[in-house]
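These are the residues of each chain, in order.
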Amino acid sequence: VEPGAAPADRCRMAAGTLPPCPSDSPQEFQYPPQNSPPAGGVPPATDLVLGATAGCLACFLTNPLEVVKTRLQLQGELQPPGTYPRPYRGVLRAAVAVCRADGLRGLQKGLAAGLLYQGLMNGVRFYCYSHAEDAGWTGYPGGTVAAGAVAGAVGAIVGSPAYLVKTHLQAQTLSTMAVGHQHNHESISGAFKSIYQQHGVVGLWRGVTGAVPRVAVGSAVQLATFASAKDWVCERQVSGRCAGSDATGPPRSFFWFRKGSWAAVLAGGMVSGVAVAVTMTPFDVISTRLYNQPVDADGTGKLYRGFLDCILQISSKEGLLGLYKGIGAVYLRLGPHTVLSLFFWDKLRNMVQH
């Protein structure tokens, strides 16, 4: 079926044949172009609010995977492989272990701090990117990637205190299941108060050196691969026949997904998530370790002196694979989070424009 064909001509293959064609098109998701100003002229200030809201909605649905990821990344910290107990094994078994130790509510640990972080980081990120679009910077070669990286870095700096508290709260659990340092905060407000009283304003931005490259790399790779991955899955074809068609005739070629469909966006997000997970996970592990490590009275880390020292210590003591702890949870979170945040952002923008 050629692109642009009527909805009744679009079919999906199943078991070698194709089911009856649908009478109307499924729900569509119109993904806004990343290299041109959005239609309707949504101001950057409005994008700040909409981006923050979209990030929070996506965070609420994907926070359980964030909890699992944090536990996996802290497990066996600075210990050689095979020399430490593993209460968390794989994404699904780790989720079950969290539920057993902390109840079902344990999968939403740190949710308030996560929502605050997503609101601040994504709000600032979309605001900066919208400004770059309005200024025409994204029209230059590589402009989309550069704008995405800069916007992500600025958002990471603004949201860093919330990410610090989120990591502390998500790592907390029973002593028998504990991994990494336990800060034992009683609430999100108590965590902010405790950190401020002990280390001042500067202490709230401890670990930001790991957050900036993490978000900058993730944002740049995501913007560079998501649109192209979505187009790629829409261009893949299979051969088959529509149900009720002439079985003696030659098979026809059909596309995997129709452009603009939910399935195409989700598939594109999962394909893009492979590239983002591979490039981003080492930075994610480093960021989690720097945020969660215990500190001296002057705020100096007891385990890592900084970003480079963290890389060297993990590589030497845990091996290179230590930098990829929790990659399964990272990947499973990235695809849905990308699709959901962009979907909510797009729908909120349409509501404002109308």
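Residues numbered from 1 in each chain as written. Predicted model: local features only at pLDDT ≥ 70, side-chain atom pairs only at ≥ 80, totals over all residues. Heavy atoms only, no water.

### Brief notes about the overall build of the protein
Within the protein, the secondary structure is distributed over 9 helices and 2 strands. Of the regular secondary structure in the protein, the N- to C-terminal order runs α-α-α-α-α-α-β-β-α-α-α. Out of the 354 residues in the protein, the part that is buried amounts to 50%. The contacts of the protein with a sequence gap of at least 6 include a subset with a gap of at least 24, amounting to 77%. About 16400 Å² of surface is accessible on the protein, with carbon and sulfur atoms providing 64% of the total. (Helix = DSSP H or I, 4+ residues; strand = E, 2+ residues; numbered from the N terminus. Buried < 20%, exposed > 50% of the residue type's maximum accessible area, 1.4 Å probe, protein only. Contact = heavy atoms within 4.5 Å. Areas by Shrake-Rupley, 256 points an atom, 1.4 Å probe, with all protein chains shown as cover.)

### Details of the packing of helix α4 (residues 143–171) against helix α7 (residues 262–292)
Packing of α4 against α7 leaves a shortest axis separation of 9 Å and a crossing angle of 80°. The pairing of α4 with α7 is recorded here as roughly perpendicular in orientation. Listed contacts from α7 to S160, Y163, L164, T167, H168 and A171 of α4 are D284, S287, T288, Y291 and N292. Among the residues making up the contact of α4 with α7, the classes are represented as 4 nonpolar, 6 polar and 1 charged. (Axes fitted to C-alpha atoms, helices over the stretch in contact; angles between N-to-C directions. Parallel < 35°, antiparallel > 145°, perpendicular 65-115°, else oblique. Nonpolar A, V, L, I, M, F, W, Y, C, P; charged D, E, K, R; others polar.)

### What to know about helix α3 (residues 111–134)
Residues separated by three or four positions in an α-helix point in the same direction, a consequence of the helix having 3.6 residues per turn. The first and last C-alpha atoms of α3 sit 33 Å apart over 24 residues, in line with the 34 Å expected at 1.5 Å per residue. Looking one or two residues past α3, G136 carries a phi angle of roughly 80°, positive in sign. (Expected span 1.5 Å × (residues − 1).)

### Some thoughts on the UniProt feature "transmembrane region" (unreviewed entry) in the protein
When the UniProt feature table is mapped onto this chain numbering, "transmembrane region" (unreviewed entry) sits at residues 262–283. Taken end to end, residues 262–283 has its terminal C-alpha atoms 30 Å apart, with 100% of it in helix and 0% in strand. (UniProt positions renumbered as here; feature names shortened; annotations may be inferred.)

### Remarks on the packing of aromatic side chains
Per the stated rule, a full pass over the model turns up 3 aromatic pairs. Seen in terms of ring centroids, Y117 and Y163 are 4.9 Å apart; in terms of plane orientation they differ by 70°. Their pairing is edge-to-face. In this pair, Y117 is assigned in helix α3 and Y163 in helix α4, connecting sequence segments 46 residues apart. Take Y163: its relative accessible area is 2%, and that puts it in the buried class. Geometrically, the ring pair formed by F283 and F307 is stacked, given 6.2 Å between the ring centres and 20° between the ring planes. (Phe/Tyr/Trp six-rings, centres within 6.5 Å; stacked < 30°, edge-to-face > 60°.)

### Quick look at the environment of A151
Here A151 is to be found in helix α4. The sequence separation of A151 and M121 amounts to 30 residues, and the corresponding C-alpha distance is 9.2 Å. Setting aside residues up to four positions removed in sequence, A151 forms contacts with R125, C128 and Y129.

### Things to note about the state of the cysteines
This structure, assessed with the given rule, holds 0 disulfides. Considering cysteine sulfurs only, C59 is the nearest to C56, which forms no disulfide, with 6.8 Å between them. (Disulfide = S-S within 2.5 Å.)

### Looking at a nonpolar patch on the surface
A cluster of nonpolar side chains, L116, L120, V150, V154 and V158, forms an exposed patch at the surface whose accessible area comes to about 340 Å². Looking at the nonpolar patch, the elements that each hand over two or more residues are α3 and α4. Ranked by residues supplied to the nonpolar patch, first place goes to α4 with 3 residues. (Patch = residues over 30% accessible without salt bridge, like charges linked within 9 Å, V, L, I, M, F, W, Y side chains within 5 Å. Salt bridge = Lys/Arg side-chain N within 4 Å of Asp/Glu carboxyl O.)

### Remarks on unusual backbone geometry
Unusually for a residue other than glycine, L78 sits at a positive phi of about 55°. Tracing the backbone through its elements, the reader meets L78 in the loop between α1 (44–74) and α2 (91–102). We note that N184 has phi near 55°; this positive angle belongs to a residue other than glycine. For N184, the position within the fold is in the loop between α4 and α5 (188–203).

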